[in-house]
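Analysis of the macromolecular model
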Number of protein chains: 2
Amino acid sequence: MVPHLLTALDGPIDELEQRVLDSTPAIERWFRLEWMEHTPPFYSSVDIRNAGFKLAPVDTNLFPGGWNNLTPEMLPLAVQSAMAAIEKICPEAKNLLVIPENDTRSTFYLSNLAQLKRIFHMAGLNVRIGSVNPDLKEPTTVDVPGGGTVLLEPVIRSKRRLGLKDFDPCTILLNNDLSAGAPGILEDLNEQYLLPPLHAGWSVRRKSRHFKSYEEVSKRFGKLLGVDPWLINPMFNHCGEVNLAKGEGMECLTTNVDALLGKIRKKYKEYGINEKPFVVVKSDDGSYGMGFKTVRDVKDLDALGQNWRQRVERKETPAVNDVIIQEGVLTNERMNDAVAEPVVYLMDRYVVGGFYRVHADRGTDQNLNAPGAQYVPLAFSESTRLPQPGEKPGASAPNRFYMYGVIGRLAMLAASYELEATDPDAEVYD
Amino acid sequence: MVPHLLTALDGPIDELEQRVLDSTPAIERWFRLEWMEHTPPFYSSVDIRNAGFKLAPVDTNLFPGGWNNLTPEMLPLAVQSAMAAIEKICPEAKNLLVIPENDTRSTFYLSNLAQLKRIFHMAGLNVRIGSVNPDLKEPTTVDVPGGGTVLLEPVIRSKRRLGLKDFDPCTILLNNDLSAGAPGILEDLNEQYLLPPLHAGWSVRRKSRHFKSYEEVSKRFGKLLGVDPWLINPMFNHCGEVNLAKGEGMECLTTNVDALLGKIRKKYKEYGINEKPFVVVKSDDGSYGMGFKTVRDVKDLDALGQNWRQRVERKETPAVNDVIIQEGVLTNERMNDAVAEPVVYLMDRYVVGGFYRVHADRGTDQNLNAPGAQYVPLAFSESTRLPQPGEKPGASAPNRFYMYGVIGRLAMLAASYELEATDPDAEVYD
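The structure contained in this document is the topic of the report that follows. Predicted model, so just to flag it, every value in this text is computed and none were measured. (Residues numbered from 1 in each chain as written. Chains lettered and ligands numbered in written order. Predicted model: local features only at pLDDT ≥ 70, side-chain atom pairs only at ≥ 80, totals over all residues. Heavy atoms only, no water.)

1. Structural notes on the overall build of chain A
In terms of regular secondary structure, chain A is built from nine helices and 18 strands. Split into buried and exposed, the 430 residues of chain A put 59% on the buried side. Taking contacts inside chain A between residues at least 6 apart in sequence as the whole, the part at least 24 apart equals 70%. Of the accessible surface of chain A, which amounts to about 17,600 Å², a share of 49% is contributed by carbon and sulfur atoms. (Helix = DSSP H or I, 4+ residues; strand = E, 2+ residues; numbered from the N terminus. Buried < 20%, exposed > 50% of the residue type's maximum accessible area, 1.4 Å probe, protein only. Contact = heavy atoms within 4.5 Å. Areas by Shrake-Rupley, 256 points an atom, 1.4 Å probe, with all protein chains shown as cover.)

2. Regarding the state of the cysteines
Inspection of every chain in the model, using the stated rule, returns four disulfides over all chains. Covalently, A:Cys90 is tied to A:Cys170 through a disulfide, its sulfur atoms 1.6 Å apart. Judged by the sign of its S-S torsion, about 115°, the cystine formed by A:Cys90 and A:Cys170 is right-handed. With a gap of 80 residues between them, A:Cys90 in the loop between helix H3 (75-89) and strand E3 (95-99) and A:Cys170 in the loop between strand E8 (162-163) and strand E9 (171-174) connect regions that are remote in the sequence. In this structure, A:Cys90 and A:Cys170 share a single accessibility class: buried. Disulfide partner of B:Cys239: B:Cys252, at an S-S distance of 2.1 Å. Between B:Cys239 and B:Cys252 the sulfur-sulfur dihedral comes to about -100°; the bridge is accordingly left-handed. Taken together, the positions of B:Cys239 in strand E11 (residues 236-243) and B:Cys252 in helix H6 (residues 250-270) put the pair 13 residues apart, joining distant regions of the chain. (Disulfide = S-S within 2.5 Å.)

3. Re the relation of the copies chain B and chain A
Rotating chain B by 180° and moving it 0.0 Å along the rotation axis overlays it on chain A with an RMSD of 0.0 Å. Interpreted geometrically, this transformation is the action of a two-fold axis. Measuring from the rotation axis to each C-alpha of chain B, the shortest distance belongs to B:Leu77, at 3.0 Å. Most of the interface of chain B is mirrored in chain A, where 100% of its interface residues are also at the interface. (Least-squares fit on C-alpha atoms with pLDDT ≥ 70 in both.)

4. What to know about unusual backbone geometry
All names here are of chain A. In this chain, Leu195 is followed by Pro196 through a cis amide linkage whose omega measures -15°. Looking at where Pro196 falls in the secondary structure, it is placed in the loop between strand E10 (193-195) and helix H5 (207-225). If you check the backbone angles, Asp188 has positive phi at about 60° while not being a glycine. Structurally, Asp188 can be placed in the loop between E9 and E10. For Asp348, which is not glycine, the phi torsion reads 55° and is therefore positive. Tracing the backbone through its elements, the reader meets Asp348 in the loop between strand E16 (338-347) and strand E17 (350-359). Given a relative accessible area of 5%, Asp348 falls into the buried group.

5. So, the interface of chain B and chain A
On the chain A side, the residues contacting the 40 residues of chain B number 40 residues. Summed over both sides, the interface of chain B with chain A buries roughly 3,700 Å², with 59% coming from carbon and sulfur. Of the charged contacts, one joins B:Glu87 and A:Arg349 as a salt bridge, the two residues approaching to 2.8 Å between their closest N and O atoms. In this assembly, chain B and chain A are joined by 16 residue pairs in polar contact (both at pLDDT 80 or more). (Buried area = accessible area lost by both parts, 1.4 Å probe. Salt bridge = Lys/Arg side-chain N within 4 Å of Asp/Glu carboxyl O. Polar contact = N/O pair within 3.5 Å; in protein donor to acceptor, adjacent residues only side chain to side chain.)

6. Focus: the pairing of strand E12 (residues 279-283) of chain A
Residue and element names in this part refer to chain A. Of all the five residues making up E12, five are buried; the element is thus mostly covered by neighbouring parts of the structure. Inspection of the sheet shows E12 paired to strand E13 (residues 292-295) by four bridges, in the antiparallel sense. In the strand pairing of E13, Val281 is matched with Lys293. Summarising the sheet, E12 and strand E14 (residues 320-327) pair through five bridges and their orientation is antiparallel. The residue of E14 that forms the bridge with Ser283 is Val323. (Pairing = 2+ DSSP bridges.)

7. Points about the packing of aromatic side chains
Counted according to the given criterion, the structure contains 25 aromatic pairs over all chains. On the basis of an interplanar angle of 80° and a centroid distance of 5.3 Å, the ring pair of A:Phe53 and A:Tyr268 is categorised as edge-to-face. Taken together, the residues A:Phe53 in the loop between strand E1 (43-50) and strand E2 (55-61) and A:Tyr268 in helix H6 (residues 250-270) connect sequence positions 215 residues apart. For the pair A:Phe53 and A:Tyr268, one class covers both residues: buried. Centre to centre, the rings of B:Trp67 and B:Tyr345 are 4.9 Å apart; their planes meet at 80°, and the pair counts as edge-to-face. Here B:Trp67 is found in the loop between strand E2 (55-61) and helix H3 (75-89), whereas its partner B:Tyr345 is found in strand E16 (residues 338-347), with 278 residues between them in sequence. Here B:Trp67 matches B:Tyr345 in class, with each residue buried. Taken together, the aromatic side chains of A:Phe42, A:Tyr43, A:Trp67, A:Phe120, A:Tyr345 and A:Phe355 make up a single cluster linked through ring pairs. One Lys or Arg, A:Arg205, reaches over the ring of A:Trp202 and ends 4.5 Å from the middle of that ring. (Phe/Tyr/Trp six-rings, centres within 6.5 Å; stacked < 30°, edge-to-face > 60°. Lys NZ or Arg CZ within 6 Å of the ring centre and 35° of its normal.)

8. Looking at the sheet that holds E12(A)
All names here are of chain A. The four strands lie next to each other as E11-E14-E12-E13, forming an open sheet whose pairing is antiparallel. One side of each edge strand has no neighbouring strand; the edge strands of this open sheet are strand E11 (236-243) and E13. For this sheet, the mean angle separating the axes of adjacent strands, direction not counted, is 25°. As paired strands, E11 and E14 are joined by six bridges and run antiparallel to one another. Bridging from a neighbouring strand, His238 pairs with Ile324 of E14. Helix-sheet contacts for H6 involve E11, E12, E13 and E14, and the interaxial angle to E11 is about 165°. (Axes fitted to C-alpha atoms, helices over the stretch in contact; angles between N-to-C directions.)

9. Describing the sheet that holds strand E4 (residues 126-131) of chain A
All names here are of chain A. If you trace the six strands from one edge of the open sheet to the other, you get E5-E6-E4-E3-E9-E10, paired in mixed fashion. Edge positions in the open sheet fall to strand E5 (140-143) and E10, since each of these has one partner strand only. The mean angle between the axes of side-by-side strands here comes to 30°, regardless of whether they run parallel or antiparallel. Examined bridge by bridge, E3 and E9 share four bridges and lie parallel to one another. The residue bridging Leu97 from the neighbouring strand is Ile172, located in E9. On top of the sheet, helix H4 (residues 107-122) reaches E3, E4, E5, strand E6 (149-154) and E9; it is set at about 150° to E4, its chief contact.

10. Section: the pairing of E9(A)
All names here are of chain A. Residues of E9 alternate between two faces, with Thr171 and Leu173 on one and Ile172 and Leu174 on the opposite face, all of them buried. Looking at chain direction, E9 and E10 are connected through three bridges and run parallel. If you follow Thr171 over to E10, its bridge partner there is Tyr193.

11. Re the packing of H6(A) against helix H7 (residues 300-313) of chain A
All names here are of chain A. The geometry of H6 relative to H7 is characterised by a closest axis approach of 11 Å and an angle of 145° between their N-to-C directions. Read as a crossing pair, H6 and H7 show a hand that is right-handed. Only Leu301, Gly305 and Trp308 of H7 make contact with H6, whose side of the interface consists of Met250, Leu253, Thr254 and Val257. A class-by-class count of the residues in the contact of H6 with H7 yields five nonpolar, two polar and no charged. (Left-handed = near helix turned anticlockwise from the far one by under 90°. Nonpolar A, V, L, I, M, F, W, Y, C, P; charged D, E, K, R; others polar.)

12. Some words on the environment of A:Lys137
Residues and elements named next belong to chain A. In this fold, Lys137 is placed in the loop between E4 and E5. With relative accessibility at 66%, the residue Lys137 sits in the exposed group. Through-space distance from the C-alpha of Lys137 to that of Lys207 is 35 Å; in sequence the pair is 70 residues apart. A polar contact of 3.0 Å, which involves the side chain of Lys137, links it to the backbone oxygen of Pro134.

13. Notes on helix H2 (residues 24-37) of chain B
An α-helix turns once per 3.6 residues; consequently, residues spaced three or four apart project the same way. A rise of 1.5 Å per residue sets the reference length of H2(B), with its 14 residues, at 20 Å; its end C-alpha atoms lie 20 Å apart and thus fit the reference within 8%. Regarding H2(B), the residues found buried are B:Thr24, B:Pro25, B:Ile27, B:Glu28, B:Trp30, B:Phe31, B:Arg32, B:Glu34 and B:Trp35. (Expected span 1.5 Å × (residues − 1).)

Have a look at this one:
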């Protein structure tokens, strides 16, 4: 059932793969020690790009949707991980309240909710779904594609706790990325576990902070393996408060795009890579407001600026944007003729599965997370963390997938550092 | 790839299955709370018999071999569980020493060692295999069927620690059931973790003690579900020190066999079961010395006694035996025409997989763990703990397997109670 993948099974990333395989016990021990010091995010998904010559995470989601794209074979791993996660947080828990996105019109998203409910039910919890959308006034049953229903209920807030009618949960699981800011109804829930915490929401998170943490993680990991961290780390620069309408910040953007393109060019030269460097310009706060732009030359910034200004005029994006400029990582993965990128799903400290995001109309240097994307489950669970030591590097899908699981966990570790750094209650424990 | 199973997919055990399914969150929470108070055995395997009208464990192995019978699909679950187990015991561990059975001539057993090594390597440990067999003087490489080799090395004992040449493990994993008694070389290793502990060996364990604990567990579980514990509990009696040569203990045997047959008959009548009750007479200490005898009537004991005396004369079994008389549980599982029984594998608190033990030449009331048995892996990992709530009871393999996983975990919990009760160091922590 593994789809045909053009580059998943071969490619010049063999040396890194070999190092990763040879170092399996050291890598697993390293993670084990890290998790003694740091708390993994409750769950996460990591978009990975494999350029053939480098392999890097490009986005780490702390409120992953898309659980419905995991295959039935992956579910036992997810359930086992959910059991481990719950046991640490609230072992006596009976009830789990899942808070979905406010917009639940997408049938894919409803399937995701049904899958999350299934996973946590199997892990031993009574699961109900409570919306914080003020428009939802009454319990509403909605059909899920492929059969079954999901019951959405309006949450009820008491002074200290959040629940549903006749339902008082120990733990509240957010599946809502809070990009519009954390609603007041979720604040000051000091008696209940709210996971992930509010500061994991996109109203607080910054991509640049995440990738700063990831840079630190990749340096230490590179040292462990004796490899150049650039092979797994996308470089980036950051421009705070770019206001195109007023022309403010354009100089920062130009300087940083130029500097980053220069750094990438130097690395490409060092490794003899015959590709044209590019960077990706996007909102630092994870919003889609300013879009996701591929830039190959500072000259491209004029067009970008013009397009951006039009969007500001149409009020599609705020006038002021926090901007991250990230090294573009090509994806050389292809499924049939469509460009593909692996997405790794994690629960607690464990890789539980993944799939390929495939887009027929996009190029190898473009964002695939766009309308028209398709999701092709891969039999990750059969193989994720089970490299075949005897195999030639690049020749074994399990080995390649193990490497993806390692990169996914590095990004998750970076998210853990990031959440520690931004924890508003951190001083309490100091 | 699931083999054809005559009764795995239907059968009159539907009501129990329905209760188990309806109670999934309560069951999982109950286990979660139990594991807060009790330590699960490091690993275990449980033989289960499904009579159609009752479902019960008949043997709980704390040094499971046969890991090679798990399918590749089950390995990620085993690896994840191994990670969880190691993390609790010795998170900084680099090295794991596996101590195999002294007799490693069986190629099946070598495959089992290779599989254990694979699982713990993937979990992040350097794994080496050190034999306590005094006949092994030098490192010896042996071929494993299907490719690969296993290196057996003689252990080296220092005053306080056990290891190999240039290999000092934090944790020592016993895959040797110590039925001949714990060798002195394994004693007083107070600086290292020896798992399972010495008192889990068959020189200390008694089946009657295990099933006493299991009876307690099944009563509490029966109460949780509102079902008669007999539906999951094999009744038993116990005769200590039966010496057939001297005719001592025969009366105890006769009385207890008769009493147990009477109790079973009563239960069969209560449930309208049209089967002939039988009991199984076996050594209480897990040795195969006195064999495993099916007894349908006290009159059968004469033949048993005669056969036994002959074996004592031939020195195949000691003259004195501790004897357990256990309610015989039919197995109504069949694969093609051969009688089959499920075996569930557990690591730490998790069900990681299982298979069917199949024996073409044995009856539904006989021990299948005998020469000629075959092992048919089942896709447990796809489904073990993933019941399909919508399905009619008995109609879904995943649901049936979930129930097996629950029974396996009840037996593991009983083993945990048992090990606590027999822990020679227990008073230290009181």
